[in-house]
Amino acid sequence: MSTHYPRIRIRTNTGYLAVREGLSITFYMRRSHHEVAPAVLRSLDAYRSAVGPEALDRYMDREGFVEMDSAVWEQFRCEMLADNRLIFHLKDAARHERGYAFHYHGKVLDEAALAIDPGAVTVVSFWLPTEYLEEHGPGRVRELALELAGPLPFCSGQGGFNFNCVLDLVGVRQVVHELCFRYPGMDIPSVDWVAWHIGTRIRGAAWLTFLGQPVLGEAGGVEGLRSRLHSPETTVQSLEGERAVVTLGPWPEAGDTEQGNTLPAYRELARVLKPWLYHSPPRDARDFLTEDMLRWERRFLD
């Protein structure tokens, strides 16, 4: 096990790897699908260039996951640029157990849609296995995150450890529930739900916290953040387009509350961003109890 994160391998009775540790880099955009799709494809090209085109070898079309080849890849790109479909998933084959994935949930954010769902945003998330981190180092992962961020008109985003899993699988939510409070630096993969409600708010403190407008301006800009963040390894970097990224140390950290590692730099950033942090509305019975989710979202504040 790394000193920065736990090794998690939870399997079903059939041997399927249901939960493992990984990394995710996620961006929330207050733009409609047709506005951001070309930029998302440019970010995806950067991701595939970094991890290798073979890393994503399954595409979920309307019939289910199919094996990716040049024809399917072209089909995917055409569908992304069309307006008749808004949700896309690419991943590696289950037999590989690597944890590479691309998840995209687009929205049509016209006036009528926002009247019904005022917090809705378009979201894209790129997943990496911890093996990529170990092979290439955290500096390369951060560099990749900045490459992915470059074309995207994000309001907010984050990068760091996550629970690499599908929450809807039987028993997975219970496993994540048991681990998420112990490892506060690991994100819960629920971007599909969050993207209906987050608006321009911030998901939470992460190793890489991307800030766009309006939050960056309201928080005092880059200099305002620098003046309020005092952890020695925290940096605030200005990005083009009135955006910034806050980096909490050279490595992402999962933390471990059982070992007393409560991630003080993450807690400091959460306190600074508290006025803009996202909190979930009440959730249905398939997910965590509302009070448990609120406790998790406030894990760096309480």
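These lines cover the structure that appears in this document, whether it is placed above or below. (Residues numbered from 1 in each chain as written. Predicted model: local features only at pLDDT ≥ 70, side-chain atom pairs only at ≥ 80, totals over all residues. Heavy atoms only, no water.)

1. Let's talk about the overall build of the protein chain
Here is step 1 of the chain: Along the protein chain, the regular secondary structure elements total 11 helices and 11 strands.
Here is step 2 of the chain: In summary, the protein chain has a C-alpha radius of gyration of 18 Å against a globular reference of 19 Å for 302 residues, a match within 12%.
Here is step 3 of the chain: Judged by the C-alpha coordinates and their principal axes, the protein chain covers about 50 × 45 × 40 Å.
Here is step 4 of the chain: When the 302 residues of the protein chain are sorted by exposure, 58% land in the buried category. (Helix = DSSP H or I, 4+ residues; strand = E, 2+ residues; numbered from the N terminus. Rg over C-alpha atoms; globule rule 2.2 N^0.38 Å. Buried < 20%, exposed > 50% of the residue type's maximum accessible area, 1.4 Å probe, protein only.)

2. Structural notes on a nonpolar patch on the surface
Here is step 1 of the chain: Side chains of Tyr-16, Val-166 and Leu-169 sit close together on the surface and give an oily, nonpolar patch of about 240 Å² of accessible area.
Here is step 2 of the chain: Looking at where Val-166 falls in the secondary structure, it is placed in the loop between strand 8 (156–165) and helix 6 (172–180).
Here is step 3 of the chain: Relative accessible area serves as the criterion here: at 44%, Val-166 is assigned to the partly exposed category. (Patch = residues over 30% accessible without salt bridge, like charges linked within 9 Å, V, L, I, M, F, W, Y side chains within 5 Å. Areas by Shrake-Rupley, 256 points an atom, 1.4 Å probe, with all protein chains shown as cover. Salt bridge = Lys/Arg side-chain N within 4 Å of Asp/Glu carboxyl O.)

3. So, the packing of helix 1 (residues 33–51) against helix 2 (residues 70–81)
Here is step 1 of the chain: Packing of helix 1 against helix 2 leaves a shortest axis separation of 8 Å and a crossing angle of 150 degrees. The angle between helix 1 and helix 2 places the two elements in the roughly antiparallel class. Residue-level inspection shows His-33, Ala-37, Pro-38, Val-40, Leu-41, Leu-44, Asp-45 and Arg-48 of helix 1 in contact with helix 2, the latter providing Trp-73, Phe-76, Arg-77, Met-80 and Leu-81.
Here is step 2 of the chain: Residue classes in the contact of helix 1 with helix 2 are distributed as 9 nonpolar, 1 polar and 3 charged. (Axes fitted to C-alpha atoms, helices over the stretch in contact; angles between N-to-C directions. Parallel < 35°, antiparallel > 145°, perpendicular 65-115°, else oblique. Contact = heavy atoms within 4.5 Å. Nonpolar A, V, L, I, M, F, W, Y, C, P; charged D, E, K, R; others polar.)

4. Some details on the pairing of strand 6 (residues 101–105)
Here is step 1 of the chain: With respect to burial, strand 6 is a largely interior element, 5 of its 5 residues being buried.
Here is step 2 of the chain: Going residue by residue along strand 6, you find Ala-101, His-103 and His-105 tucked away on one face and Phe-102 and Tyr-104 tucked away on the opposite face as well.
Here is step 3 of the chain: Across 5 bridges, strand 5 (residues 87–91) lies against strand 6 in antiparallel orientation. If you follow Lys-91 over to strand 6, its bridge partner there is Ala-101.
Here is step 4 of the chain: Summarising the sheet, strand 6 and strand 7 (residues 122–129) pair through 5 bridges and their orientation is antiparallel. Bridging from a neighbouring strand, Ala-101 pairs with Trp-127 of strand 7. (Pairing = 2+ DSSP bridges.)

5. Let's talk about the environment of Asn-13
Here is step 1 of the chain: Within the element layout of this structure, Asn-13 appears in the loop between strand 1 (9–11) and strand 2 (17–29).
Here is step 2 of the chain: You can call Asn-13 exposed: its relative accessible area is 88%.
Here is step 3 of the chain: Each C-alpha atom, one on Asn-13 and one on Pro-281, is 34 Å from the other, the two residues being 268 residues apart in sequence.

6. Remarks on the packing of aromatic side chains
Between two aromatic rings, the relevant description is the distance of the centres plus the angle of the planes.
Here is step 1 of the chain: The tally for this structure, following the rule as stated, stands at 12 aromatic pairs.
Here is step 2 of the chain: Taking the centre distance of 5.0 Å and the plane angle of 45 degrees together, the rings of Tyr-5 and Phe-161 count as tilted. In this pair, Tyr-5 is assigned in the segment before strand 1 and Phe-161 in strand 8, connecting sequence segments 156 residues apart.
Here is step 3 of the chain: Accessibility expressed as a relative area gives 2% for Phe-161, which makes it buried.
Here is step 4 of the chain: Relative to Phe-76, the ring of Trp-73 has its centre 5.2 Å away and its plane inclined at 40 degrees; by these criteria the two rings are tilted. (Phe/Tyr/Trp six-rings, centres within 6.5 Å; stacked < 30°, edge-to-face > 60°.)

7. Side note on the pairing of strand 2
Here is step 1 of the chain: Within strand 2, 13 of the 13 residues are buried, which leaves the element mostly enclosed by the surrounding structure.
Here is step 2 of the chain: Where strand 1 lies against strand 2, 3 bridges are found, and the strand directions are antiparallel. Along strand 2, the bridge assignment pairs Arg-9 with Arg-20.
Here is step 3 of the chain: What sits between strand 1 and strand 2 in their antiparallel hairpin is a turn of 5 residues, with Gly-15 showing a positive phi close to 95 degrees.
Here is step 4 of the chain: Here 10 bridges tie strand 2 to strand 8, and the two strands are oriented antiparallel to one another.

8. Considerations on the state of the cysteines
Here is step 1 of the chain: What the rule picks out here adds up to 0 disulfides.
Here is step 2 of the chain: Sulfur of Cys-180: no disulfide; nearest cysteine sulfur belongs to Cys-165 and is 11 Å away.
Here is step 3 of the chain: On the basis of relative accessible area, Cys-180 is assigned to the buried category, the value being 0%. (Disulfide = S-S within 2.5 Å.)

9. As for the environment of Asp-69
Here is step 1 of the chain: By secondary structure assignment, the location of Asp-69 is in the loop between strand 4 (64–67) and helix 2.
Here is step 2 of the chain: We classify Asp-69 as partly exposed; its relative accessible area is 42%.
Here is step 3 of the chain: When the C-alpha positions of Asp-69 and Arg-58 are compared, they lie 8.9 Å apart, and in sequence the two are 11 residues distant.
Here is step 4 of the chain: Within the structure, the side chain of Asp-69 is placed 3.1 Å from the backbone nitrogen of Ala-71, a separation counted as a polar contact.
Here is step 5 of the chain: Polar contacts involving the side chain of Asp-69 include one to the main-chain amide nitrogen of Val-72, which spans 2.8 Å. (Polar contact = N/O pair within 3.5 Å; in protein donor to acceptor, adjacent residues only side chain to side chain.)

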